[in-house]
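# Residue-level structural notes
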Amino acid sequence: METVGSVSASILSRSIHLRNPCNSHSVQSCTFRHSDYMGHRFTTPNLWIIEKSLRRKAHPLKVVCIDYPRPELENTANFLEAAYLSSTFRTAARPSKPLKVVIAGAGLAGLSTAKYLADAGHKPIILEARDVLGGKVAAWKDSDGDWYETGLHIFFGAYPNIQNLFGELGINDRLQWKEHSMIFAMPSKPGEFSRFDFPDVLPAPLNGIWAILKNNEMLTWPEKVRFAIGLLPAMVGGQPYVEAQDGLTVKEWMKKQGVPDRVNDEVFIAMSKALNFINPDELSMQCILIALNRFLQEKHGSKMAFLDGNPPERLCMPIVNHIQSLGGDVRLNSRIQKIELNNDETIKHFVLGNGNIIEADVYVIATPVDILKLLLPQEWKEISYFRRLEKLVGVPVINVHIWFDRKLKNTYDHLLFSRSPLLSVYADMSVTCKEYYDPNRSVLELVFAPAEEWITRSDAEIIEATMKELAKLFPDEIAADQSKAKILKCHVVKTPRSVYKTVPNCEPCRPLQRSPIEGFYLAGDYTKQKYLASMEGAVLSGKLCAQAILQDYDFLVGRTQQRTTVAASNV
Ligand SMILES: Cc1cc2nc3c(=O)[nH]c(=O)nc-3n(C[C@H](O)[C@H](O)[C@H](O)COP(=O)(O)OP(=O)(O)OC[C@H]3O[C@@H](n4cnc5c(N)ncnc54)[C@H](O)[C@@H]3O)c2cc1C
């Protein structure tokens, strides 16, 4: 095969820099021009190359060809790392005895675990309690055929594992990327918005710095300077500093760093509510620093995309089809009721709600952490790995959909930060999302947070409160009494326990995917991974769970054989 390009790689401190002179996704073959590897050739369709750990001659250079570059955004080191991890499942040696892995929960974490295990040649079976896929990305069709969702979901440029997954499934075109901006409502000027625009010509973090410096409506120059000085230790101290801030709330950290209260009020209330549905006086500062780090480190990190339709069909179904095409299974209406143990306190089987039992070589719980705690057998509760879970508690949040009798004008084809006391982010889905497109009527989807006080209130009260807030965002078009735009219909979806509430000191309580119980693993956005409680975090947790199972393969097979032998001799 003809050599059509070369890749040069270098390592600067700990980040990987890749340059592909071919700059094409359809390269058929490539020569690696590192002195140690001169002349080494790789051939694969859609060649892309990832260099994992170039550490001079002491460690061999690891080169992996990946098939799924991301078309919209640049292939950053984080993306290549995500693609590399995915490729390890496809290229793993086929197992002589595929493991039967039962996974509780068909949220993104459970689906991801099953997908990557299936890629590696194993047999995952997902048991989902409800009649709908997706967990916190679940959605339902009403009697008019309109969809309503558990939550308004945004995909970020800084979500490498999600985008790699879209590439693998061949559904990249389902992400509808928006302008690289963040748009905030201005409570002091009802109906007006202030933008942070990230210029495409500048690399990160300069594009972010430029966006902040150019915006003078929300923060004054002295406030920006005070905030920048406050952030200096984070820039200098790196990850250890970020982790150390887990003990402080956002508000406490701002005070300690001498950042003016107005910065908190103008920017961080909106950001805290968007990230974790709570206010800065509760949110751990580590959460904000991790988000800033992920969003500002990459040129397109804070660029946002909407899925082009309802998540169960447009995102979850392709994962299910993939799992089933490789011999796995996904069963709805199959709630795990109980974890039954052997005498040695390992798992004997899962008991389902209908009394059926299911046995497997490996068991994974990919439910929310609150459900896991309810399922934990008494015998495990004092193990510190499980005891620490007590600190992780789901936060309440409400998602509101309102269909109006007209097209609202004061809106954008984008996510909007409402900066209202009761609401967090919102979007006119009739504009932002292809499947929900309507030329004549607006459909607002709004995240109602913090929701602690509202979660037990009636839908009518929630809609009434929402309309009062909307009257400030659309002063010319919406009035609380509906004397302007009229509500055609609405849906309110309450999630009393959503993502874990990221209050200070939660980080040490997040469990690794491999538990101390043989053959038992966890997946879920709350488990240990570097992307907060998010869709990206859920998908990565599934990959890490599948990776841990693969790493333990010999042990798990040996264990199963031993049990079979013992069972046979008992007969
Ligand atoms: C309102 C809202 C807005 C959000 N916005 C964003 C956003 O913009 N961007 C972003 O990245 N993230 C967002 N998130 C967070 C994101 O949705 C979650 O982090 C992610 O979907 C969690 O996935 P998971 O698989 O870990 O858990 P889940 O989605 O909760 O999945 C767990 C599954 O387990 C099932 N289950 C429970 N009990 C049992 C049982 N006993 N047996 C079998 N199955 C069981 C559940 O039914 C569920 O399907 C938002 C969340 C909400 C609620």
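Placed above this text is the structure.
Residues numbered from 1 in each chain as written. Predicted model: local features only at pLDDT ≥ 70, side-chain atom pairs only at ≥ 80, totals over all residues.

Bringing the sheet that holds strand 15 (residues 304-307) into the picture now. Taken in spatial order, the 3 strands of this open sheet run 11-15-12, and their pairing is antiparallel. Edge positions in the sheet fall to strand 11 (155-156) and strand 12 (175-177), since each of these pairs with one other strand and no more. Note that strand 11 and strand 15 share 2 bridges and pair antiparallel. Bridging from a neighbouring strand, F155 pairs with A305 of strand 15. (Pairing = 2+ DSSP bridges. Helix = DSSP H or I, 4+ residues; strand = E, 2+ residues; numbered from the N terminus.)

Let's shift gears to the site of the ligand. Around the ligand, the structure places 39 residues, and the nearest of them are G105, G107, G135, G151 and S534. Counting residues per element, the ones that place at least two in the shell around the ligand are helix 2 (108-119), strand 21 (397-404) and helix 14 (535-551). At 4 residues, helix 14 tops the list of elements feeding residues into the shell around the ligand. Looking at the shell around the ligand, its residues break down into 19 nonpolar, 14 polar and 6 charged. (Near = placed C-beta within 6 Å. Nonpolar A, V, L, I, M, F, W, Y, C, P; charged D, E, K, R; others polar.)

This brings us to the packing of helix 5 (residues 221-244) against helix 8 (residues 285-297). Across the interface, helix 5 lies against helix 8 with an axial gap of 11 Å and an inter-helix angle of 125°. Viewed along their axes, helix 5 and helix 8 adopt a mutual orientation that is oblique. The handedness of the crossing between helix 5 and helix 8 is left-handed. Here helix 5 contributes A234, V242 and E243 to the contact with helix 8, which in turn contributes Q286, L289, I290 and N293. Tallied by class, the residues present in the contact of helix 5 with helix 8 amount to 4 nonpolar, 2 polar and 1 charged. (Axes fitted to C-alpha atoms, helices over the stretch in contact; angles between N-to-C directions. Parallel < 35°, antiparallel > 145°, perpendicular 65-115°, else oblique. Left-handed = near helix turned anticlockwise from the far one by under 90°. Contact = placed C-beta atoms within 7 Å.)

Glycine aside, the phi torsion of most residues is negative, and most peptide linkages are trans. The omega torsion across A204 and P205 is 0°, close enough to zero to call that bond cis. Of note, P205 is situated in the loop between strand 14 (193-197) and helix 4 (206-214). In this structure, P450 follows A449 across a cis peptide bond, with omega equal to -10°. Note that P450 resides in the loop between strand 24 (443-448) and helix 13 (459-473). Positive phi, normally seen in glycine, also occurs at F277, with a value near 60°. Given 26 C-beta atoms within 10 Å, F277 falls into the buried group. The phi angle at Q482 is positive, at roughly 65°, despite the residue not being glycine. On the basis of neighbour count, Q482 is assigned to the exposed category, with 12 C-beta atoms found within 10 Å. (Buried ≥ 20, exposed ≤ 12 C-beta atoms within 10 Å, placed from the backbone.)

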